[in-house]
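Here's the letter readout for the chains.
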Amino acid sequence: MAENVAEETEDLTDLYREYGDDRIPPGQRETDGFPVLSKSGTPSVDHGAYTFEAWGAVDEPQRYSLPAFRDLPSATQRQDFHCVTGWSKLDCTFTGVRFSEIVDRVGVHDDATHVLFHAIDGYTTNLPLAACNREGVLFAYGYDGEDLPADHGGPVRVVTPHKYAYKGAKWVEGVEFLTERTLGYWEKRGYSDTANPWNEERYS
Ligand SMILES: Nc1nc2c(c(=O)[nH]1)N[C@H]1C(S)=C(S)[C@@H](COP(=O)(O)O)O[C@H]1N2
Ligand SMILES: [Mo]
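On a predicted model such as this, the values are computed, not experimentally measured, just so you know.

Rules behind the numbers
Residues numbered from 1 in each chain as written. Chains lettered and ligands numbered in written order. Predicted model: local features only at pLDDT ≥ 70, side-chain atom pairs only at ≥ 80, totals over all residues. Heavy atoms only, no water. Near = heavy atom within 4 Å. Polar contact = N/O pair within 3.5 Å; in protein donor to acceptor, adjacent residues only side chain to side chain. Areas by Shrake-Rupley, 256 points an atom, 1.4 Å probe, with all protein chains shown as cover. Nonpolar A, V, L, I, M, F, W, Y, C, P; charged D, E, K, R; others polar. Pairing = 2+ DSSP bridges. Helix = DSSP H or I, 4+ residues; strand = E, 2+ residues; numbered from the N terminus. Axes fitted to C-alpha atoms, helices over the stretch in contact; angles between N-to-C directions. Core = buried A, V, L, I, M, F, W, Y, C linked by side-chain atoms within 4.5 Å. Buried < 20%, exposed > 50% of the residue type's maximum accessible area, 1.4 Å probe, protein only. Contact = heavy atoms within 4.5 Å.

Overview of the site of ligand 1
If you check the shell around ligand 1, you find 21 residues, and the closest are Pro35, Lys39, Asp121, His152 and Lys170. Aspartate 121 places a side-chain nitrogen or oxygen 2.8 Å from a nitrogen atom of ligand 1. Between a nitrogen atom of ligand 1 and a main-chain N or O atom of glycine 168, the distance comes to 2.8 Å. Protein coverage of the free-state accessible area of ligand 1, which is 530 Å², stands at 98%. When its residues are assigned to classes, the shell around ligand 1 shows 13 nonpolar, 3 polar and 5 charged.

Right, dumping it as C-alpha cells:
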C-alpha cells in the first residue's frame, strides 16, 4: 500500500467519551458492511494526473502528486464512522496524512478560521480550522491495510471521526484555508454545519 505506513494504530474508537457514555450515537444503527454513499456516483480518477493541493490563506501553498503525497509522514487510526442517514460502521482502520502534517507545511495565516475541502466530483464540505486541528482528521489513502477503494473515495479522502461522515470529502483534491466560513455541498442544502453525531446535529 504505502511506502510509509505507521507502525502503530491509534485507537480513536473511544472519542465518544468526550460527548457522553454511548459509543453508538443516538438514532444510529450499527452496520456490518461498509455502505457507499455518494451524491453522484464514483468519478474515475486518473491516479497519474492526480494532485493534492493546499491553498488560500497560507504562506506556502502546497501541491503533491499521489506518490509524493504518500511519501509524507503517515498515521494509521481505528475509528467509528457515522453516516447522517443512520448507519454507523465501527472499527474502520484508515491510513493517511494527518491534517496537522499539511498545516505544518503551509504556514497558515493568523486570520484563517475555516477550511473548505474540495473534491473531484464537485463536492465540497467545510469545517472550522479548530475542528481540523485535533486528532483524527486524516487525508486517508489506505483502508484496512489496502489502498482505499475508489467507491470509498480513493485515491484520497478525508475522515472526520468526531463528525458525521459528510464532513469527510471523498476523492479530495484539495483543502482551501479561509478567513471566513463558506458552506459546503450538504451544508448549503440543510444539513448541520456542526454535525456532531452524539448531539444528533443532523439538520441546520
Ligand atoms: N466527494 C464526495 N465526498 C463525500 C460524499 C460525496 O457525495 N462526494 N458523500 C458524503 C457522505 S453523505 C457520506 S455518508 C460519506 C460516505 O462515505 P462512504 O461512501 O465511504 O461510506 O462520504 C461523504 N463524502
Ligand atoms: Mo452521509
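What about the sheet that holds strand β7 (residues 114-119)?
In spatial order, the strands read β4-β3-β12-β7-β8; together these 5 strands make up an open sheet with mixed pairing. Edge positions in the sheet fall to β4 (62-65) and β8 (124-128), since each has one partner strand and no second. Averaged over all pairs of adjacent strands, the angle between strand axes in this sheet comes to 15°, irrespective of strand direction. Where β7 meets β8, 5 bridges bridge the pair, whose relative direction is antiparallel. Each bridged residue has a counterpart across the sheet, and for histidine 114 the counterpart in β8 is proline 128.

Quick word on the nonpolar core
Ranked by size, the top nonpolar core spans 35 residues in total, and within it Phe69, Phe99, Ile102, Phe117, Phe139 and Phe177 carry the most contacts. Within the residue set of this core, elements represented by two or more residues are β3 (51-56), α1 (66-70), α2 (99-106), β7, α3 (129-132), β9 (138-143) and β12 (172-178). Once you skip the residues sitting within four places of it in the chain, phenylalanine 177 turns out to touch Ala54, Trp55, Gly56, Ala57, Val58, Phe99, Val103, Val106, Val108, His114, Val115 and Leu129. Core analysis: the next-biggest nonpolar cluster, separate from the first, contains 13 residues, Phe34, Ala75, Ala140 and Val159 among them.

So, the side chain of threonine 160
Looking at where threonine 160 falls in the secondary structure, it is placed in the loop between β11 (157-159) and β12. On the accessibility criterion, threonine 160 (5% relative accessible area) is buried.

Structural notes on unusual backbone geometry
With omega at 20°, the peptide bond leading from glycine 154 into proline 155 counts as cis. Mapping proline 155 onto the fold places it in the loop between β10 (146-147) and β11. You will see that tryptophan 171, though not glycine, has its phi angle at about 50°, which is positive. Mapping tryptophan 171 onto the fold places it in the loop between β11 and β12. Even without being a glycine, alanine 195 presents a positive backbone phi close to 60°. Structurally, alanine 195 is set in the segment after β12. Taking relative accessible area as the criterion, alanine 195 reaches 0% and is therefore assigned buried.

As far as function goes, none of this settles anything; it's purely spatial.
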